[in-house]
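Given next are the chains, with one letter for each unit.
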Amino acid sequence: MDPSEVEFLAEKEVVKIIPNFSLDKVYLIGGDLGPFNPGLPVGCPRVAGSEPKTETEVSGLFLLHGWMLVSTVHADKLEEMRDLERKEDAFTPVPSPYYMELTKLLLNYASDNIPKADEIRTLVKDIWDTRVAKLRLSADSFISQMEAHAKLDNLTLMEINTIRSFLLDSLNCMYKLRSNLQPGSSKGQFTGLLIHKNLGRLGFGLPHGPFVTQKTFLGD
Amino acid sequence: MSDVLSDDGGSEVNQDDSREDVMTPAELIAKLEEAWLNEKFSPDLLENKSEVVECVMEQLTHMEDNLQRVKKGDAKAGIHRMEIDRIRFVLSSYLRSRLQKIEKFFPHVLEREKSRGEGDPSLLSPEEFAFAREYYAMTETYLKAVALKRMPPNLQTVDMLKAVPEPCLDSFVFLRVKERQENILVEPETDDQREYVVDLEEGSQHLMRYRTIAPLVSSGAVQLI
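Cut-offs used in this document
Residues numbered from 1 in each chain as written. Chains lettered and ligands numbered in written order. Predicted model: local features only at pLDDT ≥ 70, side-chain atom pairs only at ≥ 80, totals over all residues. Heavy atoms only, no water. Helix = DSSP H or I, 4+ residues; strand = E, 2+ residues; numbered from the N terminus. Buried < 20%, exposed > 50% of the residue type's maximum accessible area, 1.4 Å probe, protein only. Contact = heavy atoms within 4.5 Å. Areas by Shrake-Rupley, 256 points an atom, 1.4 Å probe, with all protein chains shown as cover. Core = buried A, V, L, I, M, F, W, Y, C linked by side-chain atoms within 4.5 Å. Domains from an automatic or database assignment. UniProt positions renumbered as here; feature names shortened; annotations may be inferred. Patch = residues over 30% accessible without salt bridge, like charges linked within 9 Å, V, L, I, M, F, W, Y side chains within 5 Å. Salt bridge = Lys/Arg side-chain N within 4 Å of Asp/Glu carboxyl O. Lys, Arg positive; Asp, Glu negative; His and termini not counted. Charge placed at Lys NZ, Arg CZ, Asp CG, Glu CD.

What follows covers the overall build of chain B. Counting its regular elements, chain B contains seven helices and five strands. Reading the secondary structure of chain B in the N-to-C direction produces α-α-α-α-α-α-β-β-β-β-α-β. When each of the 225 residues of chain B is scored for burial, the buried share is 44%. A sequence separation of at least 24 residues applies to 71% of the contacts in chain B between residues at least 6 apart. When the accessible surface of chain B is split by element, carbon and sulfur atoms take 51% of a total near 12,400 Å².

Right, here's the structure in full:
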């Protein structure tokens, strides 16, 4: 899956805004939006303000600049989360299933309206780094122990996406290699080129990245 | 202008009430997104959701007709247009990934369609079926014209079913559980490991082989992610 498609899904997430304009309720196919009144907080999917295009296409631009965003996560809360994430072996719950994408979208478009934007950016990046390091380590132990099932609670789509193609392709190739070893198996039909490519990839940069600080296992 | 769009909201509700299968437009979009993600991540072609596709198309044309009547530069129209674009993207991405799979596995897809029983739901929509058949015929003609007719007579036939690789049902997938499932059998990776069962709790996420949970994907009990 392309990262932009994950972002596409994240754009549906509802964020709270305080509009400084007024607009009647909008009846969308996917549900109603608004009504917007100046000064009254209202929930709204992130997408509606994300794409300012031209001057004539008012809505995006208008909404984007008209919005004062209220960040629902506060810096001290994020700090707690970061510490917990570092302490725990398993993945801890995150504020939103799309926390990374939302942070990026919100901070890029509206950093002026979010207090402590830089601090939030750093904290979220810290949390992300810790989690991805855990994920790599888990993927490594998953492969080396030849497991057939893993529980991945609290893992977000974007995180899964960072290792998806690499992990799944490797697992599939290893499966084919193994089933080739068993006599009478007809499953292994692939070329030497593929084997070669995969072995090269398996040894590449998995376990000993610079972020790895602690030993963890997938899920529990 | 606001009347046009508000009217539209009202008429949608009425339309839905009269249908046998009551579903709000919002649920319909959610269904489409579900089908899109499942299709994207499953190694095999899934059952077609032509009902959902048709309903979404209907909604889109309806909304576009309404937008035709709206004067340019209206803030609301922009929001509506953006939503239409997003839904259209999901819809075409869904159909595209199905076509890609059909192109990849066409002999097996046609074979499954042939061997399916009378009452079973069809794997392909009529359009997809026509596409698969045409694709099959064209590939065959091409192979013949380019290579086969220059071969010795005893080598001039090719079995498409053997020539094209089957979908690999043993690949791993990521999934989220929507309805609790008990006693899912996990097959061992190696001979010295024993098989064991797991319970899939609602809302939990897992990484396992597609073959084990394929029926749960089609029943909608799990969502691939």
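Resuming the write-up.
Right, let's get into the nonpolar core. With 77 residues, the main nonpolar core has Leu207 and Ile213 of chain B as its most contacted residues. At eleven residues, helix H5 (residues 117-144) of chain A tops the list of elements feeding residues into this core. Taken together, domain 1 (25-165) and domain 2 (168-224) of chain B each give at least three residues to this core, which thus spans both. Once residues lying within four places of it in the same chain are set aside, the contact partners of Leu207 of chain B are Phe142, Ala148, His149, Ala150, Leu152, Leu167 and Leu168 of chain A together with Phe172, Val173 and Phe174 of chain B. Counting eight residues, the second-largest nonpolar core is a separate cluster that includes Leu45, Ile102, Phe105 and Leu110 of chain B.

With numbering matched to this structure, UniProt assigns "domain: GINS subunit" (unreviewed entry) to residues 77-145 of chain B. The span residues 77-145 of chain B shows a helical share of 86% and a strand share of 0%, and its end C-alpha atoms are spaced 53 Å apart.

Here we come to the environment of Lys149 of chain B. Secondary-structure assignment places Lys149 of chain B in the loop between helix H5 (126-146) and helix H6 (160-163). When neighbours within four sequence positions are excluded, Lys149 of chain B is seen to be in contact with Lys144 and Gln156 of chain B.

All names here are of chain A. A cluster of acidic residues, Asp76, Glu79, Glu80, Asp118 and Glu119, forms a negative patch on the protein surface. Elements supplying a minimum of two residues to the negative patch: helix H3 (75-87) and H5. By residue number, the principal contributor to the negative patch is H3, which donates three residues. Position of Asp118 relative to the elements: it lies in helix H5. Of the residues examined, Asp118 reaches a relative accessible area of 60% and is grouped as exposed.

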